[in-house]
Amino acid sequence: MMACLVPPPPAIADGFSPSPLKLVQQNRLVSAFQSPKSLSELRALHGRMITTGLRRNDLVLGKFIICCSSSNCMEYARKVFDEMSSPSVFFWNAMIKGYQQNGDHMEVLRLYFQMRSCGFDSDAFTFPVVLRSCSPLKRIREGKGIHGLVLKTGYATNVIVQTALMDLYSLSGCVASARQVFDEMRERDVICWNTMIAGYSRCGDFANAEELFHKMPEKDESSWNTLIDMYCKAGDVEAARRLFDEMPKKDIISWNAMISGYVHIGDMEVARLLFDEMPRRSVVSWNVVITCCVHHRRFTDALDLFRKMQRSDVRPNEVTMVAVLPACAHLGAMDLGQWIHAYIDKNRIRMDVYVTTALIDMYGKCGNVEEARRVFEMAKEKDAFSYSTMIEVLALNGKAEEAFQIFSYMQSHGLKPNGVTFVGLLTACSHAGLVEKGRMYFNMMKSEYNLEPKSEHFGCMVDLLGRAGYLDEAFELIKSMPMEPHVVVWGALLNACRIHGNVKLAETVGFRLIELNPTNCGNYVLLANIYAKANRWDDSVRVRKMMKDRGVVKKPGCSSIEVNNSVHEFIAGDNSHTHCARIYRTLQEVTERLKREGYVPEVSSALHDVDTNEKMQALSYHSEKLAVAFGLLSTTPGTPIRIVKNLRVCEDCHVMMKMISQHYDRNIILRDCNRYHHFNNGSCSCSDYW
Ligand code: ZN
Ligand code: ZN
């Protein structure tokens, strides 16, 4: 501790009023401490305190510590505090409060006990702060000790101290002790009533919560909100709504609680209605509805909401990012995803594991493996899920070797893989046709990591074996499964039958699938196509008729493409786009040009119960063709075209994409429901094996 080398300011030393110059300097400094500062600004201000001789002025020092706390720089405050020769209770309190505001509850308790051992008595400011730091640390024992001290030092009737005690007890599950404090109170304000009600609501004692609520002499918004939130969390949205409608003055929290309540029970419609009605919205309001849209796979709605949010005065936070990125990923909206990435950087939003993983997934699903990889390499925080996501991205984009390398890195660094990691690895093997390696990983799951293979792992294995032509082995594997084989597992085998033209097995598997999931159009269509390719037209027609008789409608092919930061969706034969005429004209020009280059429409991809002319028609308007035509006419030459399709790409579209990539010199990245196709200079990354 430094000795007093300079005399203290006169105001403190002997009661004389400070010189007018000092007073001006003091006021200037104090007003400079109003807003949060960067570390270098704090250093500069501290320098000014020294040069103006105000470094020992209590008012200036106190404001400086508070400013450090609001600037998230408690280390600096601590440095100044530690240099003080004998800080008064006021400074101890300022430090304790500062640590609490920065969420460092451990340091609050440490400093509190240090203060006590230095012989200082706690006061009405110390107790509530320290008690509030006991709750998150679950330090009920220390809390009870402080309660004893409160009784001894005569603060037992201080409403703020009593409320902090009630809070600690009810948060620690001792609601009866909280009630005892409440009953002993001589005077109660609205905050202590609310605290008690919140305590009952937290432990599920609705009757007591409700009883106190009705007894309250005076209610504020928080009283209503606590009860609304309580009923919403319990799923009793009607009870909550009654209170909400009755509430005289609703605030943002009431609206958010009510909207979350509807989201919680899955009533998206009412949640949206309420959201639209809100007079003012907070970031939480936006996050709740955006997350809900994504959860219900209404991705376009989620992005629309996000764009509206950008136009509002509410700034998105990391929760918004984690909610929006999967929507971008699903729709292939990479421009928007990139914008979000830049926004995160610019606003220094913390790149935690969730944000990082969501970014890797978004870039990966948009087919931009390099960028996904870059985010992965740069990430400071990574867990098994980030690794697994990276492996999956590489696997789906046909970069099996890189996926295996990441896994080796995980192994050598002692990171425990999970089930998702193995889905990624098996997918990598499957897309690269590496049967032996796949078998090795499949066995490793159980033998080395004690992970029981789940349905999805069997699905990957069946896919791997099936694609490589080991159809019988794949069939045997399904029969050996310890659980009921999921439709995805059978679906993988049926696709393998399609690739290898095994009609016999396809019949067994196809009808099994139809039996398991009679409303799914995909199985009928796939089986019908397999028959058709083997020239068994009658059987093909029979399957299609069966589908029609059962009222199953073919799911329309739908492709989306992002141009100028907005997502355009196309359905096969779509006429709804504003530039519809130009798109069809472009598509026709492209087809003509490719025909001159040797393109022959692959009619077997089209419906087989129509004549050839109609087949050609149906084929030429597949949704991915419309999307690519739109991409060609609305982006500058050389720009990569990214398309996302909901179904598997057909052979004809695949041929056409390859030719466009060559003759129009474009990289085309097409994600279908199964994998990624990177078309470049006339060939595809899938090696025509999908
Ligand atoms: Zn097609
Ligand atoms: Zn391909």
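Along each chain, the written sequence defines residue order, and numbers are assigned to residues from 1. Chains carry letters and ligands carry numbers; both start at the beginning, A for chains and 1 for ligands, and go up in the order they are written. Given that this is a predicted model, residues contribute local features only at a pLDDT of at least 70 and side-chain atom pairs are listed and counted only at 80 or more, while totals for whole chains, interfaces and linings are drawn from all residues. Side-chain metrics rest on all non-hydrogen atoms present in the structure, leaving aside hydrogens and water.

**Digging into the pairing of strand β2 (residues 566-571)**
For a regular strand, side chains alternate in direction, first toward one face of the sheet and then toward the other. Between any two strands, pairing holds if DSSP finds at least two bridges. Starting at the N terminus, helices and strands are each numbered in turn, a helix being any DSSP run of H or I of at least four residues and a strand any DSSP run of E of at least two. Where strand β1 (residues 558-563) meets β2, six bridges bridge the pair, whose relative direction is antiparallel. Bridge pairing links Ser 559 to Phe 570 in β2.

**Topic: the coordination of the zinc ion (ligand 1)**
Here a donor is any nitrogen, oxygen or sulfur atom (N, O, S) within 2.8 Å of the metal, with 3.2 Å used for Na, K and Ca; water is not among the atoms considered, so some sites may look incomplete. Within the protein, His 622 (ND1), Cys 650 (SG) and Cys 653 (SG) serve as the donor atoms for the zinc ion (ligand 1), at 1.9 to 2.2 Å. Counting gaps between the donor residues of the zinc ion (ligand 1) yields the pattern H-x27-C-x2-C. Cys 653 matches Cys 650 in its accessibility class, with the two residues each being buried. Each residue is placed in one exposure class: buried if its accessible area under a 1.4 Å probe, protein chains only, is under 20% of its type's maximum, exposed if it is over 50%, and partly exposed if it falls in between.

**Some words on the coordination of the zinc ion (ligand 2)**
Protein-derived ligands of the zinc ion (ligand 2) are His 654 (NE2), His 677 (ND1), Cys 684 (SG) and Cys 686 (SG), with the metal-ligand distances lying across 2.0 to 2.2 Å. For the zinc ion (ligand 2), the four donor atoms in the first shell make angles of 104 to 115° at the metal, so the coordination geometry reads as tetrahedral. Site description for the zinc ion (ligand 2): donor spacing in sequence, H-x22-H-x6-C-x1-C. Of the two residues, His 654 is situated in helix α37 (residues 651-663) and His 677 in strand β5 (residues 676-680); the sequence distance between them amounts to 23 residues. Both residues of the pair, His 654 and His 677, belong to the buried class. In short, tetrahedral needs four donors with all angles between 85 and 135 degrees, square planar needs four and octahedral six donors with opposite donors over 155 degrees apart and all other angles between 65 and 115, and whatever is left is irregular.

**Brief notes about the pattern of salt bridges**
When a carboxyl oxygen of Asp or Glu is within 4 Å of a side-chain nitrogen of Lys or Arg, the pair counts as a salt bridge. In the structure shown here, the tally under the stated rule is 33 salt bridges. We note a salt bridge from Glu 473 to Arg 439, for which the minimum N-O separation is 2.6 Å. Of this pair, Glu 473 sits in helix α29 (residues 471-479) while Arg 439 sits in helix α27 (residues 435-449), and the two are 34 residues apart along the sequence. Between Arg 542 and Asp 539 there is a salt bridge; the shortest N-O distance is 3.2 Å. In this pair, Arg 542 and Asp 539 both sit in helix α33 (residues 537-549), three residues apart, roughly one turn of the helix. On the basis of relative accessible area, Asp 539 is assigned to the buried category, the value being 18%.

**With respect to the environment of Trp 339**
Assignment of secondary structure puts Trp 339 in helix α21 (residues 334-346). Considered as a pair, Trp 339 and Asn 565 are 226 residues apart in the sequence and their alpha carbons are 9.1 Å apart. Any two residues whose heavy atoms approach within 4.5 Å at even a single point are treated as in contact. Apart from residues no more than four positions distant in its own chain, Trp 339 is found in contact with Phe 306 and Gln 310.

**Re the environment of Glu 392**
Here Glu 392 lies in helix α24 (residues 384-396). Overall, the relative accessible area of 28% leaves Glu 392 in the partly exposed class. In the structure, Glu 392 is positioned 136 residues away from Asn 256 in sequence and 36 Å away in space, judged by C-alpha atoms.

**Describing the sheet that holds β5**
Strand order in the open sheet formed by six strands is β2-β1-β3-β4-β5-β6, and the pairing between neighbours is mixed. Across the chains shown, the open sheet's two edge strands, defined by having one partner strand only, are β2 and β6 (683-684). Examined bridge by bridge, strand β4 (residues 668-671) and β5 share four bridges and lie antiparallel to one another. Residue pairing across strands places Ile 668 opposite Phe 679, the latter belonging to β5.

**What about the pairing of β5?**
Counting buried positions over the five residues of β5 gives four, a clear majority of the element. As consecutive antiparallel partners, β4 and β5 are separated by four residues. In terms of strand pairing, β5 meets β6 through two bridges, oriented antiparallel. Across the sheet, the residue bridging to Asn 680 is Ser 683, located in β6.

**What to know about the side chain of Gln 100**
Within the fold, Gln 100 resides in helix α6 (residues 89-101). When its relative accessible area of 16% is taken as the criterion, Gln 100 is described as buried. Once residues within four sequence positions are removed from consideration, Gln 100 is found in contact with His 105, Val 108, Val 129, Arg 132 and Ser 133.

**Some remarks on the packing of aromatic side chains**
Only the six-membered ring of Trp is used, alongside the rings of Phe and Tyr, when aromatic pairs are assigned; centres must lie within 6.5 Å, and planes under 30 degrees apart are stacked while those over 60 apart are edge-to-face, with the rest tilted. All told, the structure shown has 24 aromatic pairs when counted by the stated rule. Between Phe 407 and Phe 422, the aromatic rings sit 5.8 Å apart at their centres with planes inclined by 65°, giving edge-to-face as the arrangement. Within this pair, whereas Phe 407 is found in helix α25 (residues 400-412), its partner Phe 422 is found in helix α26 (residues 419-432), the two being separated by 15 residues in sequence. Look at Phe 407 and you get buried, because its relative accessible area is 1%.

**Section: the side chain of His 46**
In this fold, His 46 is placed in helix α3 (residues 39-51). The class of His 46 is buried, set by a relative accessible area of 11%. Those residues in contact with His 46 that lie beyond four places of it in its chain are Phe 64, Tyr 76 and Val 80.

**Structural notes on helix α22 (residues 353-365)**
Helical geometry note: an α-helix holds 3.6 residues per turn, so side chains three or four residues apart project in the same direction. A helix's residues, less one, multiplied by 1.5 Å, set its expected span. Over its 13 residues, α22 runs 18 Å from end to end, which matches the ideal 18 Å to within 8%, given 1.5 Å per residue. Turning to α22, its buried residues number three or more, namely Val 353, Val 355, Thr 356, Thr 357, Ala 358, Leu 359, Ile 360, Asp 361, Met 362, Tyr 363 and Gly 364. Its buried side turned inward, α22 meets α20 (318-331), α21, α23 (369-378), α24 and β5. Immediately downstream of α22, the backbone of Gly 367 shows phi near 80°, a positive value.

**Observations regarding unusual backbone geometry**
The phi angle at Arg 297 is positive, at roughly 60°, despite the residue not being glycine. Locating Arg 297 in the fold gives a position in the loop between α18 (283-295) and α19 (299-311). When its relative accessible area of 56% is taken as the criterion, Arg 297 is described as exposed. Notably, Asn 450 is not glycine yet its phi reads approximately 55°, a positive angle. Judged by relative accessible area, Asn 450 falls into the exposed class, the value being 62%.

**As for the confidence of the model for the chain**
The pLDDT value tells you how sure the predictor is about a given residue, anywhere from 0 up to 100. Within the chain, residue pLDDT values average 89, and 95% of them lie at 70 or more. Scored below 50 in pLDDT, residues 1-16 shows 21 contacts in the model against residues more than four places distant or in partner chains.

**Thoughts on the packing of α26 against helix α28 (residues 455-467)**
Describing two packed helices takes the angle between their axes plus the distance from one axis to the other. Interaxial angles span 0 to 180 degrees and are taken between N-to-C directions of axes, which are lines fitted to C-alpha atoms, for helices over the stretch in contact. Relative to each other, α26 and α28 sit at 10°, their axes nearing to 9 Å. When the axis of α26 is compared with that of α28, the two are roughly parallel. Residue-level inspection shows Gly 419, Phe 422, Val 423, Leu 426, Thr 427, Cys 429, Ser 430 and His 431 of α26 in contact with α28, the latter providing Glu 456, His 457, Cys 460, Met 461, Asp 463, Leu 464 and Arg 467. When describing relative orientation, an angle under 35 degrees is termed roughly parallel and one over 145 degrees roughly antiparallel, while 65 to 115 degrees is termed roughly perpendicular and anything else oblique.

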